[in-house]
Amino acid sequence: MERKGHLHRTGRRLAYSGAVLDFYRDRMVLPDGKEEEWDFLSHKKGGGACAVPVLPDGRILLIRQLRPVIDRKTWELPAGARDHQEDPSVTAARELFEETGYRAGRITPLLVLKTAPAWCDEETHVYLAEDLTREGDQCLDEAEEIDMAAFPLPELLARIRSGELQDAKTVAGILMYAQVRSAET
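Residues numbered from 1 in each chain as written. Predicted model: local features only at pLDDT ≥ 70, side-chain atom pairs only at ≥ 80, totals over all residues. Heavy atoms only, no water.

(A) How the structure looks around helix α2 (residues 153-162). Every buried residue of α2 is accounted for by Leu153, Leu156, Arg159 and Ile160. Projection of α2 onto a plane perpendicular to its axis shows the buried side chains occupying an angular sector of 120 degrees, all on one side. Residues Pro154, Arg161 and Ser162 are exposed on α2 and point more than 90 degrees away from its buried face. Close packing links the buried residues of α2 with β5 (60-67), β6 (72-76), β10 (147-151) and α3 (168-184). The positive-phi residue at the C-terminal boundary of α2 is Gly163, with phi of around 90 degrees. (Buried < 20%, exposed > 50% of the residue type's maximum accessible area, 1.4 Å probe, protein only. Helix = DSSP H or I, 4+ residues; strand = E, 2+ residues; numbered from the N terminus. Arc of directions from axis to C-beta. Contact = heavy atoms within 4.5 Å.)

See the structure below:
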């Protein structure tokens, strides 16, 4: 197959504007010169942040909540959307406290994820949260029902391998923490 050019966008139109996401239709020219419409989602707040909260005994706190899109509860790292141009470390610390009642004495960047760059511009900043202290109860939004539990790292790695843990930010955060921890020993 002969290629005539390169993949590029010639236009973008807003198809639907939601509370958190805008849905766009991009007009794309393919390398062979054909044109197509591609879907694209833009996160209005730019994305979010999450924390890998490590208790003094080494266990990691996870929260469990219903995800209606997949119609089941999932275990995840505490996370949430940024408040517009808010520093992601502030988002991670805020969400950690709201969802668990814990505050981190130290919060360190681990990685930044591009959630699904083929069709969405959302990014998630992942932080290691250490020196945790319990400072209160969960401060949940009225629509949130969140359980919380602490797990040893080997158990979480086994849950990732078995496919029980599937949330991308949670899997990436735990694996990055495991890598950092093994590099320290």
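(B) Structural view of the nonpolar core. If you look at the biggest cluster of nonpolar residues, it comprises 23 residues, and the most contacted ones within it are Val52, Ile60, Leu62 and Leu165. At the level of elements, β4 (47-53), β5, β8 (102-114), β9 (123-134), α2 and α3 are the ones that each hand at least two residues to this core. Here this core gets five residues from one element, more than from any other, and that element is α3. In contact with Val52, not counting residues within four places along its chain, are Ile60, Leu77, Leu110, Val126, Tyr127, Leu128, Ala129, Gly173 and Tyr177. By size, the runner-up hydrophobic cluster in this structure holds seven residues, among which are Ala51, Leu55, Leu61 and Tyr102. (Core = buried A, V, L, I, M, F, W, Y, C linked by side-chain atoms within 4.5 Å.)

(C) Representation of the side chain of Arg159 within the structure. Here Arg159 shows up in helix α2. In this structure Arg159 comes out as buried when scored by relative accessible area, which is 16%.

(D) Region of interest: the packing of aromatic side chains. Scanning the entire structure with this criterion turns up two aromatic pairs. Pairing Tyr24 with Phe40 gives two aromatic rings, centres 5.8 Å apart and planes at 40 degrees, and the pair type is tilted. One end of the pair, Tyr24, is in strand β2 (residues 21-29); the other, Phe40, is in strand β3 (residues 35-43), and 16 residues separate them in sequence. Taken as a pair, Tyr24 and Phe40 share a single burial class, namely buried. Aromatic side chains Trp75 and Phe151 sit 5.1 Å apart centroid to centroid with 80 degrees between the ring planes, which places their arrangement in the edge-to-face category. Residue Trp75 is located in strand β6, and its partner Phe151 is located in strand β10; the two are separated by 76 residues in the primary sequence. The class of Phe151 is buried, set by a relative accessible area of 7%. Taking NZ or CZ as reference, Arg12 lies 4.0 Å from the ring centre of Phe40, over its face. The ring centre of Phe97 lies 3.8 Å from the NZ or CZ of Arg103, which sits over that ring. (Phe/Tyr/Trp six-rings, centres within 6.5 Å; stacked < 30°, edge-to-face > 60°. Lys NZ or Arg CZ within 6 Å of the ring centre and 35° of its normal.)

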